[in-house]
Amino acid sequence: MKLFKVLFLYSIILFSISNCASQKLEKVPPVGIKEIYTQHWSSGVKSGGSGTNVFIVLDAELPQHISLDSIYFKTLQLPLAPDTRNPLLFAGRKVYPADSKYTSIKGNAVTDQKVSENIQKEPKFTLEDNQCVIQYTVSGDVKYFIYDQLYTKQSPPIPNARPKP
């Protein structure tokens, strides 16, 4: 029985390693991409929360047989959703609730954040700061594309609160 457990565990480890190795990263995007950028935001009030958005701007609409599923960058994996008003824009969003330990942004790095469902304990890909991986589906086949021009846009300024009368 103990030998069976060891062999079973060994086969799972081998399968996991071979599965990760088989994830070929495409260099050519499945569609034309104008830009991919992240933007950090804060509500401006202590109890309001904050977050990170990632935006993918396409050159043309996606063909019917291609769908953008999720994006990997830093330690995050975020699901992608099309913008309802702009078919050339896809967004992934990570919201840090007000009670989380999300405190500051230094350069492109988000520091002191609480581990959540979107943060991977062991990242699926080893990426540089300017890289991200897009998981997409072509006619039912899952594929991965690496993009190496990811950048962070400045957040819009927080409006000043009106003075109390």
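Values in this document were obtained by computation on a predicted structure and should not be read as measured data.

1. Some points on the packing of aromatic side chains
1) Next: All told, the structure shown has 6 aromatic pairs when counted by the stated rule.
2) Next: Seen in terms of ring centroids, Tyr72 and Tyr144 are 6.4 Å apart; in terms of plane orientation they differ by 55°. Their pairing is tilted. Of this pair, Tyr72 sits in strand E4 (residues 66-73) while Tyr144 sits in strand E11 (residues 141-147), placing them 72 residues apart in sequence.
3) Next: Through pairs of rings, three or more aromatic residues link up here, namely Tyr37, Phe55 and Tyr151.
4) Next: Taking NZ or CZ as reference, Lys153 lies 4.2 Å from the ring centre of Tyr37, over its face.

2. Let's talk about the sheet that holds strand E2 (residues 33-42)
1) Next: With mixed pairing, the 5 strands of this open sheet are ordered in space as E6-E7-E3-E2-E12. Looking at strand neighbours, the two that pair on one side only are strand E6 (81-82) and strand E12 (151-152), the edges of this open sheet.
2) Next: Inspection of the sheet shows E6 paired to strand E7 (residues 89-96) by 2 bridges, in the antiparallel sense. Its bridge partner being in E7, Ala81 is matched across the sheet by Ala91.

3. Side note on the pattern of salt bridges
A side chain with one charge can pair with a side chain of the opposite charge if their charged atoms come near.
1) Next: Within the structure shown, the criterion is met by 2 salt bridges.
2) Next: Across the salt bridge formed by Lys74 and Asp129, the nearest N and O atoms sit 3.4 Å from each other. In this pair, Lys74 sits in the loop between E4 and strand E5 (76-79) while Asp129 sits in the loop between strand E9 (109-111) and strand E10 (132-138), placing the two residues 55 residues apart along the sequence.
3) Next: Look at Lys74 and you get partly exposed, because its relative accessible area is 32%.

4. Notes on the environment of Glu122
1) Next: Mapped onto the elements, Glu122 comes out in the loop between E9 and E10.
2) Next: Here Glu122 falls in the exposed class, since its relative accessible area comes to 71%.
3) Next: When the C-alpha positions of Glu122 and Thr75 are compared, they lie 8.1 Å apart, and in sequence the two are 47 residues distant.

5. Thoughts on the environment of Lys94
1) Next: Mapped onto the elements, Lys94 comes out in strand E7.
2) Next: Owing to a relative accessible area of 5%, Lys94 belongs among the buried residues under this scheme.

6. With respect to the pairing of E7
Successive residues of a regular strand alternate their side chains across the two faces of the sheet.
1) Next: Of all 8 residues making up E7, 6 are buried, and the element is well covered by its neighbours.
2) Next: Where strand E3 (residues 50-58) and E7 come together, 8 bridges link them in antiparallel fashion. Each bridged residue has a counterpart across the sheet, and for Ile56 the counterpart in E7 is Phe90.
3) Next: Counting the residues in the hairpin turn of E6 and E7 gives 6 residues.

7. A look at the pairing of E4
1) Next: Across the 8 residues that make up E4, a large majority, 6, are buried.
2) Next: Where E4 meets E10, 6 bridges bridge the pair, whose relative direction is antiparallel. Considered in E10, the bridge of Ile66 is made with Val138.
3) Next: Where E4 lies against E5, 4 bridges are found, and the strand directions are antiparallel.

Rules used in this analysis
- Residues numbered from 1 in each chain as written.
- Predicted model: local features only at pLDDT ≥ 70, side-chain atom pairs only at ≥ 80, totals over all residues.
- Heavy atoms only, no water.
- Phe/Tyr/Trp six-rings, centres within 6.5 Å; stacked < 30°, edge-to-face > 60°.
- Helix = DSSP H or I, 4+ residues; strand = E, 2+ residues; numbered from the N terminus.
- Lys NZ or Arg CZ within 6 Å of the ring centre and 35° of its normal.
- Pairing = 2+ DSSP bridges.
- Salt bridge = Lys/Arg side-chain N within 4 Å of Asp/Glu carboxyl O.
- Buried < 20%, exposed > 50% of the residue type's maximum accessible area, 1.4 Å probe, protein only.

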